[in-house]
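What the coordinates show
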Amino acid sequence: MILYAIPVSTYSAKVRIALGIKDIDYDMVPPPGGYSSPQYKAIVPVGTIPGLKDGDFVISESEVITEYLEEKYPDPSLLPGNAEQRAHQRFLSRFHDLWLEPHLRATFAHVDPAGRDEAALNACLDRYRARLDQMESLIDPDPWLGGGAIGVADCAFPATFTLADILLPHFGRESRYGPKLQAWRETAYAHPVVRQVTDESRQATLQWMGAG
Ligand SMILES: N[C@@H](CCC(=O)N[C@@H](CS)C(=O)NCC(=O)O)C(=O)O
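Residues numbered from 1 in each chain as written. Predicted model: local features only at pLDDT ≥ 70, side-chain atom pairs only at ≥ 80, totals over all residues. Heavy atoms only, no water.

**Some details on the overall build of the protein chain**
Across its full length, the protein chain carries nine helices and four strands. Counting helices and strands in the order they occur from the N terminus, the protein chain gives β-α-β-α-β-β-α-α-α-α-α-α-α. Counting only C-alpha atoms and orienting by the principal axes, one finds that the protein chain spans roughly 45 × 45 × 25 Å. Per-residue burial for the protein chain yields a buried fraction of 45% across its 212 residues. In the protein chain, of all internal contacts separated by at least 6 residues, the share reaching a separation of at least 24 is 69%. For the protein chain, the accessible surface area stands at approximately 10100 Å², while carbon and sulfur atoms represent 53% of it. (Helix = DSSP H or I, 4+ residues; strand = E, 2+ residues; numbered from the N terminus. Buried < 20%, exposed > 50% of the residue type's maximum accessible area, 1.4 Å probe, protein only. Contact = heavy atoms within 4.5 Å. Areas by Shrake-Rupley, 256 points an atom, 1.4 Å probe, with all protein chains shown as cover.)

Structure (structure tokens):
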């Protein structure tokens with residue numbers, strides 16, 4: 001199995017955590033020619049990372065890859081519980097992809113002070129903060145987001161928070177979490193798979209920002 005991914009990519013980290021929890025062997029390969037390149041699109045047509053190649057089968061989109069892994073390697077399950085609990089896990093993972101992470105991603109254009117638009121940057125940071133605050137009311141970790149075992153939602157957030165913990169101070173904002181999220185973070189970052197993937201993300205992000 002080949003995972004086209006780079007350590008700085010938060011969506012790749014989500015899939016890497018899922019692969020690690022399921023103890024699936026894979027090679028992590030940077031997208032040939034870079035993501036969105038014609039060379040990479042010849043393999044993964046949409047050109048995004050992560051992309052998964054399992055034999056002749058190729059699929060992209062982190063949520064879809066995670067669901068594919070869940071169906072093909074059901075043990076241990078990343079979607080434990082009853083229908084309602086499983087739906088809540090999926091909801092949180094979508095919340096991450098659609099409503100939280102994009103506001104952080106939108107700040108990338110402003111990392112270099114030379115090209116920074118303060119008003120646009122502050123709008124992104126405010127939107128990220130509002131969604132993060134909202135998340136506190138959406139979760140009830142025990143200790144994982146879906147209950148007693150790590151699940152798909154727990155795979156989605158760790159690398160994004162690692163990135164936020166670097167970017168927010170860089171922009172003069174405090175990276176803070178409500179009590180429920182903070183408790184979940186302590187559980188998540190203590191997990192060896194989560195720790196390894198997020199340590200690599202942190203190093204790669206610091207390098208990308210020229211601080212590492
Ligand atoms: N919805 C996608 C998002 C992945 C994504 O945005 N990946 C970025 C790198 S972290 C990318 O490949 N961007 C390519 C582009 O913007 O053309 C997923 O969940 O896999």
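Anyway, onward from the coordinates.
**A few points about the packing of aromatic side chains**
For the structure on display, the rule yields eight aromatic pairs. The interplanar angle of 40° and the centroid separation of 5.1 Å between the aromatic rings of Phe57 and Tyr68 together place this pair among those described as tilted. Here Phe57, found in strand β4 (residues 57–60), pairs with Tyr68, found in helix α3 (residues 62–72); they are eleven residues apart in sequence, far enough to count as distant. Seen in terms of ring centroids, Phe157 and Trp184 are 6.3 Å apart; in terms of plane orientation they differ by 80°. Their pairing is edge-to-face. Within this pair, whereas Phe157 is found in the loop between α6 (152–156) and α7 (158–170), its partner Trp184 is found in helix α8 (residues 179–190), the two being separated by 27 residues in sequence. The class of Trp184 is buried, set by a relative accessible area of 0%. An aromatic cluster of three or more residues is present, and its members are Phe157, Phe161, Tyr177 and Trp184. (Phe/Tyr/Trp six-rings, centres within 6.5 Å; stacked < 30°, edge-to-face > 60°.)

**Thoughts on empty space enclosed by the protein**
Rolling a probe over the atoms, with the probe sized like a water molecule, indicates the empty space that remains. Under the criterion given, the structure shown has two cavities of 30 Å³ or more. Put simply, the largest cavity is a space of about 40 Å³. Around the largest cavity, the lining residues are Glu63, Thr66, Glu67, Leu79, Arg90 and Val152. Broken down by element, the residue count for the lining of the largest cavity peaks at three residues, all from α3. (1 Å grid on protein atoms, 1.4 Å probe; cavity = no way out; pocket = protein on both sides within 12 Å on 5 of 7 lines; lining within 4 Å. Points joined across faces, edges and corners; volume = space filled by probe spheres on them.)

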